[in-house]
Protein chains: 2
Amino acid sequence: MYERKTLPNLNCGLDLIGEVLYGKWKMRLLWFINEGHQRPSELQRKIPDASRRVLNIQLKELEEHELVSKIIYPVVPPKVEYSLTDFGKTLIPVISAIGNWGDANEERLRSLILKRLESYNQ
Amino acid sequence: MYERKTLPNLNCGLDLIGEVLYGKWKMRLLWFINEGHQRPSELQRKIPDASRRVLNIQLKELEEHELVSKIIYPVVPPKVEYSLTDFGKTLIPVISAIGNWGDANEERLRSLILKRLESYNQ
DNA sequence: TCACATAGGGATAAATTTTTCCCCTATTGT
DNA sequence: ACAATAGGGGAAAAATTTATCCCTATGTGA
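Parameters at a glance
For every chain, the first residue of the written sequence is number 1, and numbering continues from 1 along that sequence. Written order determines the labels here, with chains lettered from A and ligands numbered from 1. Given that the model is predicted, a residue must reach a pLDDT of at least 70 before its local features are reported, and side-chain atom pairs must reach 80 or more before they are shown or counted; all residues, however, enter totals for whole chains, interfaces and linings. UniProt positions are given in the numbering used here, feature names are shortened, and annotations may be inferred rather than shown by experiment. Each helix is a run of DSSP H or I of at least 4 residues and each strand a run of E of at least 2, with the numbering of both proceeding from the N terminus. One number per residue, pLDDT, summarises how confident the predictor is, and it ranges from 0 to 100. The nonpolar core is taken to be a set of buried Ala, Val, Leu, Ile, Met, Phe, Trp, Tyr and Cys residues joined by way of C-beta atoms within 7 Å. The burial label depends on the number of other C-beta atoms within 10 Å of a residue's C-beta. Counts of 20 or more mean buried, 12 or fewer mean exposed, and intermediate counts mean partly exposed, with C-beta atoms placed from the backbone. Two residues qualify as being in contact provided that their C-beta atoms, derived from the backbone, are within 7 Å of each other. Only the C-beta atom matters for nearness: placed from the backbone, it must lie within 6 Å of the molecule or strand for the residue to count as near. Each residue gets one label: Ala, Val, Leu, Ile, Met, Phe, Trp, Tyr, Cys and Pro are nonpolar, Asp, Glu, Lys and Arg are charged, and the others, such as Gly, are polar. In this comparison the copies share one frame, found by least squares on the C-alpha atoms of residues holding pLDDT of at least 70 in both. A helix's residues, less one, multiplied by 1.5 Å, set its expected span. This arc describes the spread of directions from the helix axis toward the C-beta atoms.

Naming follows an unreviewed UniProt entry, where chain A appears as HxlR family transcriptional regulator of Flavobacterium aquatile LMG 4008 = ATCC 11947.

Caption draft 1: Broad picture of the UniProt feature "domain: HTH hxlR-type" (unreviewed entry) in chain A. The UniProt entry lists residues 12–110 of chain A under the feature "domain: HTH hxlR-type" (unreviewed entry), expressed in the numbering used here. Annotation note: span residues 12–110 of chain A, helix share 61%, strand share 12%, distance between end C-alpha atoms 31 Å.

Caption draft 2: Layout of the confidence of the model for chain A. Averaged over all residues, the pLDDT of chain A equals 94, while 98% of them reach at least 70. No element of chain A has a lower mean pLDDT than helix H7 (residues 106–120) of chain A, at 92, and none a higher one than helix H5 (residues 86–89) of chain A, at 98.

Caption draft 3: Focus on the nonpolar core. One finds Leu29(A), Leu30(A), Leu29(B) and Leu30(B) to be the most contacted residues of the largest nonpolar core, which totals 48 residues. Counting only elements with at least two residues in this core, the list comes to helix H1 (13–21), helix H2 (26–34), helix H4 (52–64) and helix H6 (92–104) of chain A together with helix H1 (13–21), helix H2 (26–34), helix H4 (52–64) and helix H6 (92–104) of chain B. Every residue in contact with Leu29(A), bar those within four places of it in the chain, is listed here: Leu43(A), Leu55(A), Gln58(A), Leu59(A) and Leu62(A).

Caption draft 4: Quick look at the protein's contact with DNA strand C. As a structural note, the neighbourhood of DNA strand C is formed by 22 residues, with Lys5(A), Lys24(A), Ser41(B), Pro77(B) and Pro78(B) the closest of them. Broken down by secondary-structure element, the contributors of at least two residues to the surface near DNA strand C are H4 of chain A together with helix H3 (40–46), H4 and strand E2 (79–84) of chain B. Here the surface near DNA strand C is built from residues that sort into nine nonpolar, five polar and eight charged.

Caption draft 5: Quick look at the relation of the copies chain A and chain B. Mapping chain A onto chain B is achieved by rotating through 180° and translating by 0.0 Å along the same axis, at an RMSD of 0.1 Å. Here the symmetry operator amounts to a two-fold rotation axis. Of the residues that chain A buries at the interface, 100% are likewise interface residues in chain B, meaning the two copies contact each other through the same surface.

Caption draft 6: Seen up close, the interface of chain A and chain B. Taken together, the contact between chain A and chain B spans 35 residues of the former and 35 residues of the latter. Elements with a minimum of two residues in the side of chain A that touches chain B: H1, H2, H6 and H7 of chain A. Of the residues that constitute the side of chain A that touches chain B, the class distribution is 17 nonpolar, seven polar and 11 charged.

Caption draft 7: Just H6(A), in detail. Helix length check: H6(A) (13 residues) gives 18 Å between terminal C-alpha atoms against 18 Å at 1.5 Å per residue, within 8%. All of the buried residues along H6(A) are Val94(A), Ile95(A), Ile98(A), Gly99(A), Trp101(A) and Gly102(A). What you see down the axis of H6(A) is that its buried residues fit within an arc of 155°, all on one side. Residues of H6(A) that are exposed and point over 90 degrees away from its buried face: Pro93(A) and Ala104(A). As for H6(A), its buried residues are in contact with H2 and H7 of chain A together with H1 and H6 of chain B.

This is the structure:
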């Protein structure tokens, strides 16, 4: 586990939510778990662009922040299921609002992002 | 300017909004600009934990993504004002939803975050 | 004359996040 | 014996983001 060298800011709501949600795949993990994809292998299939490792790491952080809970079934082969805690569920409308804005502005965003990338990258 | 080595994912709304909003200070910048703090030096004072440099960089990205516009007054000493574009203004309710969730859960989040930090950091 | 405010950029270092690669668990089926 | 399955973790590399430091320019006030 990486050991932080600097303390995070915890002043306002934006700081606080950032600490628990600021990870490349966290919102997607919460979203898909909420949709019923509870097993790690399912989540990996839903988010193929993320490495298996980082999904595990971010799931553990979500668990430590009490947004998801984890059940380990003592069977072989192993079986694990994640689900949202009540606290985690309160985040769904927020993630929804974020995703909806992105969806609503899809074409414009894609073109803006690509235009900027091209001008810098080569 | 840093040149990306890998292309970003631009599949869904979450990917897209992430590309324009995923920067440590971007939401705060949009927020404070919306509140009327339009000059770079004001913004630096409102966000003292960020380095001057990174604020400039993130402001430029916000501008390239057409979320803010920048007016440079040809005077000495220099004067610059940022303001939200109409597009940028549509993000305010989203940022508001995010910040409100953080504010509403302030104590719980702070304690969860600190507890986790302590257990890893020393 | 000197310090300060204003805005911003280059170069480089440091911090942090994410990826890659490889190993381990134990059982079932071939 | 050996592969497949399902889940997980260590170590190191790569990618990315943020911080530090120094330099530009000019008018104002002490």
